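Listed below, chain by chain, are the residues.
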Amino acid sequence: MWFLVNFLLFPLLFLHTFSLGVEMNDTYNCTILRENFGISVSQFTLCAISNSHPIKLCESCIDQYINVGESYTNLSKFKDDKDFCISHYINLDRLGIVSNMYENVYNLWNNAKCYECYEVINSVLTHNLSQETIEFLKLYNRTQKCIGKYPKTMCDFCMDPYLKLNNYYYSISNENDKIGMCMDIVDLMNTTRTEWSEKCCKYRKHSEYAFIGSSVGIMIVTILFYVLTKVFIDKKSTKIVTQHRFVESLSSSNRRDNN
């Protein structure tokens, strides 16, 4: 897909550049830099949409994101005979199309916390995966391999790798911010949890139902025992009191007769 896009766009850009003449002046260079920026933004936008579900924005679109940053930097650094190229497109109208397009790309990348998946060296984004990402992917792949090997008995055989994955995810997540890692990892973890809960929570519920049923049965038997015990004791106490009063009545009658 990307090869086709590049194959179609860059020859057109080259022909446009060539048509301006080999000896381009600075104004034309600013135009070319602007067009390069437009191409990089469109490529990133297409990549982001294509990898929106499942979310693979950070993994698949890092090259396009870096290109947007570089092309925007070129606009900021290159100067024509009057001013920097960026000055032709910034603060000259209310739309601010160039700056808004860059901010949209920047905000999308940072809202997804894609920088968390990679190493940032001297404030420069690199293609190197962060240590947290490497460790998470190792645990994730181990869990998925186990689930693939034991699809019907995953709840028994894959509990340990799943718990290790889940615990590690908690350790690298920022609970205050809710999304402590890049959205690629968040989406992978959410998908794994959904799969696990759909299969293994049902499995656990059968055991829980048996436990709850037996607990309720024991509770009912205990309550019946105390109720029957109380009824029996109350009847026995009434009988004893009745007999005691009858004996007292006989004793009083005998004393009167003797007198």
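Residues numbered from 1 in each chain as written. Predicted model: local features only at pLDDT ≥ 70, side-chain atom pairs only at ≥ 80, totals over all residues. Heavy atoms only, no water.

**Student:** Please provide a residue-by-residue account of the packing of helix α6 (residues 131-149) against helix α8 (residues 159-172), values included.
**Tutor:** Contact geometry for α6 and α8: axes closest at 9 Å, N-to-C directions at 155°. Here α6 lies roughly antiparallel to α8, going by the angle between them. Note on packing geometry: the crossing formed by α6 with α8 is left-handed. Every residue of α8 that contacts α6 at Gln131, Glu132, Glu135, Phe136, Leu139, Tyr140, Arg142, Thr143 and Cys146 is listed here: Pro161, Tyr162, Lys164, Leu165, Tyr168, Tyr169 and Ile172. Its residues placed into classes, the contact of α6 with α8 shows ten nonpolar, two polar and four charged. (Axes fitted to C-alpha atoms, helices over the stretch in contact; angles between N-to-C directions. Helix = DSSP H or I, 4+ residues; strand = E, 2+ residues; numbered from the N terminus. Parallel < 35°, antiparallel > 145°, perpendicular 65-115°, else oblique. Left-handed = near helix turned anticlockwise from the far one by under 90°. Contact = heavy atoms within 4.5 Å. Nonpolar A, V, L, I, M, F, W, Y, C, P; charged D, E, K, R; others polar.)

**Student:** Tell me about the state of the cysteines, and name the residues and values.
**Tutor:** Summed over the entire model, instances satisfying the criterion amount to six disulfides. The disulfide partner of Cys47 is Cys61, and the S-S distance across this bridge is 2.0 Å. Handedness here is read from the sign of the S-S torsion; for Cys47 and Cys61, about -95°, the answer is left-handed. Remark: Cys61 occurs in the loop between α3 (57-60) and α4 (62-77) and Cys47 occurs in helix α2 (residues 26-50); sequence separation between them is 14 residues. An identical accessibility class is assigned to Cys47 and Cys61; each is buried. (Disulfide = S-S within 2.5 Å. Buried < 20%, exposed > 50% of the residue type's maximum accessible area, 1.4 Å probe, protein only.)

**Student:** Tell me what's going on with α4, and back it up with residues and numbers.
**Tutor:** With 16 residues, α4 should reach 22 Å at 1.5 Å per residue; the first-to-last C-alpha distance of 22 Å fits that figure. For α4, the complete set of buried residues consists of Ile62, Gln64, Tyr65, Ile66, Val68, Ser71, Tyr72 and Leu75. (Expected span 1.5 Å × (residues − 1).)

**Student:** Lay out the packing of α4 against helix α5 (residues 97-111) in plain terms, naming residues and giving numbers.
**Tutor:** When two helices pack together, their arrangement is given by the angle between the helix axes and by the axis-to-axis distance. Two numbers describe how α4 lies on α5: the axes approach to 11 Å, and their chain directions differ by 145°. In terms of crossing hand, the pair formed by α4 and α5 is left-handed. Only Val98, Ser99, Tyr102, Val105, Tyr106, Trp109 and Asn110 of α5 make contact with α4, whose side of the interface consists of Ile62, Tyr65, Val68, Gly69, Tyr72 and Leu75. Along the lines of polarity and charge, the residues of the contact of α4 with α5 split into ten nonpolar, three polar and no charged.

**Student:** I'd like to hear about the environment of Asp160, residue by residue, with values.
**Tutor:** Within the secondary structure, Asp160 sits in helix α8. Residues Asp160 and Thr143 lie 17 residues apart in sequence; the distance between their C-alpha atoms is 8.7 Å.

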